[in-house]
Amino acid sequence: MTGRDTDGDDSAAADLESESESDRVPVLLVRGDREFLVQPGEEMGTDLGVLEVPEDVQPGQTLETHLEEEFQVRRLRGPDLFHHFERTGAPMVPRDIGLVIGETGIARGDRVLDAGTGTGVLAAMMARAGAEVTTYERKGDFADVARENMDLGGVSDTVDVRTGDLLENVEALESSSFDVLTLDTGDADEAIAHAPDLLVEGGFVAVYSPFIESTRAVVETAREVGLSNIRTRETIQREMQFDDRGSRPSTAPVGHTGYLTLARNE
């Protein structure tokens, strides 16, 4: 007859509980055009009543407040982060983030170095694509908000938000250890000069800028340091409008957002 290792069972149970807690991700509670981002196990108070969110809440469920008002549970998607993260500035919009991820091929197992964290939407969405992200934010209060956003987005284990200037810390970073370098800073032309030392062979650089002048400086530096396949694209989209009068591009939304420069370390 085999003896039962109770200490081992207790340890395994603790490990499972720890894993369960770390695996919890927030969900959206939706009612009409209203959305609330909440963590499983939290209590949410609204003008429609108090709602207890179960630890094991699942997308597709319907939850009721104590006033019997219903909310639908929806799984959090990457673009939802843009709308629900606390903002410390204007974050990169989802369509531009999609270009960064699509053009660089960011995927599970990649290491990404990012500078200009801001709200942290880009860092979080790259992490959700499977990457391990180290991101630098100069302003301490902005970095604190970004860390809270990483918790909210369920990616705090894979995004390391560091307070400081990338250029002041670049010498401490391991050479040839990053697959992608993403920059959304005013001094991106100076930072990109270090790309050949920081990136693995074949690694990518993606630089976002709202201005042509800074974009030109980035391109010139990229050429000087020997990066290849350098290209810049204006990120612009037009939303279409359909009504009884006819069909045309809408005049309301912002079409232009910025300039995305991509290059590769050969």
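Residues numbered from 1 in each chain as written. Predicted model: local features only at pLDDT ≥ 70, side-chain atom pairs only at ≥ 80, totals over all residues. Heavy atoms only, no water.

Within an unreviewed UniProt entry, the label attached to the protein chain reads SAM-dependent methyltransferase, and the organism entered is Natronolimnobius baerhuensis.

Draft legend 1. Structural detail: unusual backbone geometry. Positive phi outside glycine occurs at Ser 176, with the angle close to 50 degrees. Position of Ser 176 relative to the elements: it lies in the loop between helix 6 (166–169) and strand 10 (178–183). According to the relative accessible area criterion, Ser 176 is partly exposed, its value standing at 45%. Even without being glycine, Asn 229 reaches a positive phi, approximately 50 degrees. If you trace the backbone, Asn 229 turns up in strand 12 (residues 228–236). Here Asn 229 falls in the partly exposed class, since its relative accessible area comes to 46%. (Helix = DSSP H or I, 4+ residues; strand = E, 2+ residues; numbered from the N terminus. Buried < 20%, exposed > 50% of the residue type's maximum accessible area, 1.4 Å probe, protein only.)

Draft legend 2. Representation of the sheet that holds strand 1 (residues 27–31) within the structure. The strand order 2-1-6-5 describes an open sheet built from four strands, whose pairing is antiparallel. Where the open sheet ends on each side, the last strands, each with one partner, are strand 2 (34–38) and strand 5 (62–64). Across the sheet, the mean angle separating the axes of adjacent strands is 35 degrees when strand polarity is ignored. Strand direction decides the pairing type here: strand 1 and strand 6 (residues 70–75), joined by four bridges, are antiparallel. The residue of strand 6 that forms the bridge with Leu 28 is Arg 74. (Pairing = 2+ DSSP bridges. Axes fitted to C-alpha atoms, helices over the stretch in contact; angles between N-to-C directions.)

Draft legend 3. Here's a closer look at the nonpolar core. Grouped together as the largest cluster of nonpolar side chains are 33 residues, with contacts concentrated most on Val 112, Val 133, Met 150 and Val 159. Listed by contribution, the elements that provide at least two residues to this core are strand 1, helix 2 (78–84), helix 3 (94–104), helix 4 (121–128), helix 5 (140–152), strand 9 (159–163), strand 11 (199–209) and strand 15 (256–264). Here this core gets seven residues from one element, more than from any other, and that element is helix 4. In this structure, Met 150 is in contact with Phe 85, Thr 119, Gly 120, Ala 124, Val 155, Ser 156, Val 159 and Val 161, ignoring residues within four places of it in sequence. (Core = buried A, V, L, I, M, F, W, Y, C linked by side-chain atoms within 4.5 Å. Contact = heavy atoms within 4.5 Å.)

Draft legend 4. Quick peek at the domain arrangement of the protein chain. Assigned domains of the protein chain: these are domain 1 (27–75) and domain 2 (80–265). When each unit is reduced to the centre of its C-alpha atoms, the spacing between domain 1 and domain 2 is 32 Å. Contacts between the two partners involve six residues from domain 1 and, on the opposite side, four residues from domain 2. With both chains or domains summed, domain 1 and domain 2 bury close to 460 Å², and 57% of this area falls on carbon and sulfur atoms. On the surface where domain 1 and domain 2 come into contact, there are zero salt bridges. Remark: the boundary between domain 1 and domain 2 carries two residue pairs in polar contact (both at pLDDT 80 or more). A class-by-class count of the residues in the side of domain 1 that touches domain 2 yields three nonpolar, one polar and two charged. (Domains from an automatic or database assignment. Buried area = accessible area lost by both parts, 1.4 Å probe. Salt bridge = Lys/Arg side-chain N within 4 Å of Asp/Glu carboxyl O. Polar contact = N/O pair within 3.5 Å; in protein donor to acceptor, adjacent residues only side chain to side chain. Nonpolar A, V, L, I, M, F, W, Y, C, P; charged D, E, K, R; others polar.)

Draft legend 5. Region of the structure containing the sheet that holds strand 9. A sheet is described by the order of its strands in space; here seven strands give the open sequence 9-8-7-10-11-15-12, paired in mixed fashion. Sheet topology places strand 9 and strand 12 at the edges, where each strand pairs with a single neighbour. Neighbour to neighbour, the strand axes of the sheet diverge by 15 degrees on average, direction disregarded. Here strand 7 (residues 111–115) pairs with strand 10 via four bridges, running parallel. The residue bridging Leu 113 from the neighbouring strand is Leu 181, located in strand 10. Sheet strands in contact with helix 3 are strand 10, strand 11, strand 12 and strand 15, and its direction is about 15 degrees off that of strand 15. The strands that helix 5 touches are strand 8 (132–137) and strand 9; relative to strand 9, the one it contacts most, it runs at about 165 degrees.

Draft legend 6. A look at the packing of helix 3 against helix 4. The contact between helix 3 and helix 4 brings their axes to 10 Å, and the two run at 45 degrees. Taken together, the axis directions place helix 3 and helix 4 in an arrangement best described as oblique. Crossing geometry of helix 3 relative to helix 4 is assigned as right-handed. Taking contact as the criterion, the partners of Ile 97, Val 100 and Ile 101 in helix 3 are, on helix 4, Val 121, Leu 122, Met 125 and Met 126. A class-by-class count of the residues in the contact of helix 3 with helix 4 yields seven nonpolar, no polar and no charged. (Parallel < 35°, antiparallel > 145°, perpendicular 65-115°, else oblique. Left-handed = near helix turned anticlockwise from the far one by under 90°.)

Draft legend 7. How the structure looks around the packing of aromatic side chains. Applying the stated criterion to the full structure yields one aromatic pair. Look at Phe 36 and Phe 71: their rings are 6.0 Å apart centre to centre, the planes differ by 70 degrees, and that puts the pair in the edge-to-face class. With a gap of 35 residues between them, Phe 36 in strand 2 and Phe 71 in strand 6 connect regions that are remote in the sequence. Here Phe 71 falls in the buried class, since its relative accessible area comes to 0%. Over the face of the ring belonging to Phe 82 we find Arg 87, whose NZ or CZ atom lies 4.3 Å from the ring centre. (Phe/Tyr/Trp six-rings, centres within 6.5 Å; stacked < 30°, edge-to-face > 60°. Lys NZ or Arg CZ within 6 Å of the ring centre and 35° of its normal.)

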